[in-house]
Amino acid sequence: SNVKKGIILTPNHITALFTDLVELRTNDVIFDPCCGTGAFLIAGMSRLISIITDSKMAKKSNAINHLKENQLVGFEKSTTMYSLAISNMLFRGDGKSSIFNEDFFSENADQVLSDLRERSITPTIGFMNPPFGGKDNKTNPTKMEIQFLERMLDAVSRYGVIIAPLSVYFKDEVTRNRILSKHRLKYVINMPGEL
């Protein structure tokens, strides 16, 4: 099953909640380094469209077009999920132009981020529900949530929001301390055990 592979699709009420947790600005670039079917990018796009629409900004349609072309960045390693993300964005009024079928930990992903920066596209807000840690197969451990978190935080300039088991933050003290030396933890929302 997909759960065994660490694939958990994030429900809409959670992706919408993420856009409420940080104060979004009309020029924010939303980044999801393991975007799955694009749910966080769609939630970010919807919220930014609302903010632009409710603003006193001139030329709102230009701002919305700019948002869809330049302010939504995603990586997805799985070709199937990547195809679904592109389809989802097309169904919801586009915003697919900066979604890449790449492993966030690859050199190609580093190059993509570098190329985007050259075009003045730098992620400001990271939203992420990374794959659960575990093993791809018997010999190959998958990237852990904490590695996704550190890499995402290093890539964004304002805020990162992540879904992860609390144990993630206590298992690896060295990584945790390194992250806290570079970034500040604002808050944690702890869910009931049965959830």
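Presented here is a report on the structure given in the accompanying data block. (Residues numbered from 1 in each chain as written. Predicted model: local features only at pLDDT ≥ 70, side-chain atom pairs only at ≥ 80, totals over all residues. Heavy atoms only, no water.)

Attention now moves to helix α6 (residues 145-155). Here α6 lies mainly inside the structure; eight of its eleven residues are buried. Regarding α6, the residues found buried are E145, I146, F148, L149, E150, M152, L153 and A155. Packing partners of the buried residues in α6 comprise β1 (30-32), α5 (107-118), β4 (125-128), β5 (159-162), α7 (168-171) and α8 (173-182). (Buried < 20%, exposed > 50% of the residue type's maximum accessible area, 1.4 Å probe, protein only. Helix = DSSP H or I, 4+ residues; strand = E, 2+ residues; numbered from the N terminus. Contact = heavy atoms within 4.5 Å.)

Further remarks concern the layout of surface pockets. Each pocket or cavity is described by its volume, and for the largest pocket that value is around 1,400 Å³. What lines the largest pocket is a set of 42 residues, among which I162, I163, Y169, Y187 and V188 lie closest to the centre. Among the elements of the structure, α1 (12-21), α6, β5, α7 and α8 are those that each provide at least two residues to the lining of the largest pocket. A breakdown of the residues in the lining of the largest pocket according to their chemical character gives 30 nonpolar, eight polar and four charged. (1 Å grid on protein atoms, 1.4 Å probe; cavity = no way out; pocket = protein on both sides within 12 Å on 5 of 7 lines; lining within 4 Å. Points joined across faces, edges and corners; volume = space filled by probe spheres on them. Nonpolar A, V, L, I, M, F, W, Y, C, P; charged D, E, K, R; others polar.)

Read across the sheet, five strands follow the order β3-β2-β1-β4-β5 without closing on themselves; strand pairing throughout is parallel. Two strands in the sheet have a free side with no partner beyond their single neighbour: β3 (99-100) and β5. Pairing of strand β2 (residues 72-75) with β3, which is carried by two bridges, proceeds in the parallel orientation. Following the sheet pairing, F75 is matched in β3 by F100. Along the sheet, helix α2 (residues 39-54) makes contact with β1, β2, β3 and β4, crossing β1 at roughly 170 degrees. (Pairing = 2+ DSSP bridges. Axes fitted to C-alpha atoms, helices over the stretch in contact; angles between N-to-C directions.)

Before going further, it helps to examine unusual backbone geometry. If a residue is not glycine, its phi is most likely negative; likewise, a peptide bond is most likely trans. Positive phi values are uncommon outside glycine, yet K59 reaches one of about 50 degrees. By secondary structure assignment, the location of K59 is in the loop between α2 and α3 (60-70). Note on K59: relative accessible area 62%, which makes it exposed. For S120, which is not glycine, the phi torsion reads 60 degrees and is therefore positive. In this fold, S120 is placed in the loop between α5 and β4. The class of S120 is exposed, set by a relative accessible area of 66%.

Within the largest apolar cluster, 23 residues are counted, with the highest numbers of intra-cluster contacts made by L24, I30, L41, L72, M89, I99 and F127. Every element with two or more residues in this core is listed here: α1, α2, α3, α4 (79-91) and β4. Those residues in contact with F127 that lie beyond four places of it in its chain are F18, T19, V22, L24, I30, F31, D32, P33, F40 and V161. (Core = buried A, V, L, I, M, F, W, Y, C linked by side-chain atoms within 4.5 Å.)

Within the fold, K182 resides in helix α8. Beyond its immediate sequence surroundings of up to four residues, K182 is in contact with E150 and D154. At 2.9 Å, the side chain of K182 forms a polar contact with the side chain of E150. (Polar contact = N/O pair within 3.5 Å; in protein donor to acceptor, adjacent residues only side chain to side chain.)

Now for the packing of aromatic side chains. Each aromatic ring pair is described using two quantities: the centre-to-centre distance and the angle formed by the ring planes. Following the criterion strictly, the structure yields ten aromatic pairs and no others. When the centroid spacing of 6.5 Å and the interplanar angle of 25 degrees are considered together, the rings of F104 and F148 count as stacked. Taken together, the positions of F104 in the loop between β3 and α5 and F148 in helix α6 put the pair 44 residues apart, joining distant regions of the chain. Each member of the pair, F104 as well as F148, carries the same accessibility label: buried. The structure contains a cluster of three or more aromatic residues connected by ring pairs, namely F31, F75, F100, F104, F105 and F148. Above the plane of the ring of F104 lies R151, whose end atom (NZ or CZ) is 5.1 Å from the centre. (Phe/Tyr/Trp six-rings, centres within 6.5 Å; stacked < 30°, edge-to-face > 60°. Lys NZ or Arg CZ within 6 Å of the ring centre and 35° of its normal.)

A grouping of L166, F170, L180, L185 and V188 is seen on the molecular surface, where their side chains present a nonpolar patch of about 520 Å² in accessible area. You can call F170 exposed: its relative accessible area is 57%. (Patch = residues over 30% accessible without salt bridge, like charges linked within 9 Å, V, L, I, M, F, W, Y side chains within 5 Å. Areas by Shrake-Rupley, 256 points an atom, 1.4 Å probe, with all protein chains shown as cover. Salt bridge = Lys/Arg side-chain N within 4 Å of Asp/Glu carboxyl O.)

In the contact formed by α6 and α8, the axes pass within 11 Å of each other and the chain directions differ by 15 degrees. Judged by the inter-axis angle, α6 sits roughly parallel to α8. Relative to α8, the crossing made by α6 is left-handed. Only T175, R178, I179 and K182 of α8 make contact with α6, whose side of the interface consists of I146, L149, E150, L153 and D154. (Parallel < 35°, antiparallel > 145°, perpendicular 65-115°, else oblique. Left-handed = near helix turned anticlockwise from the far one by under 90°.)

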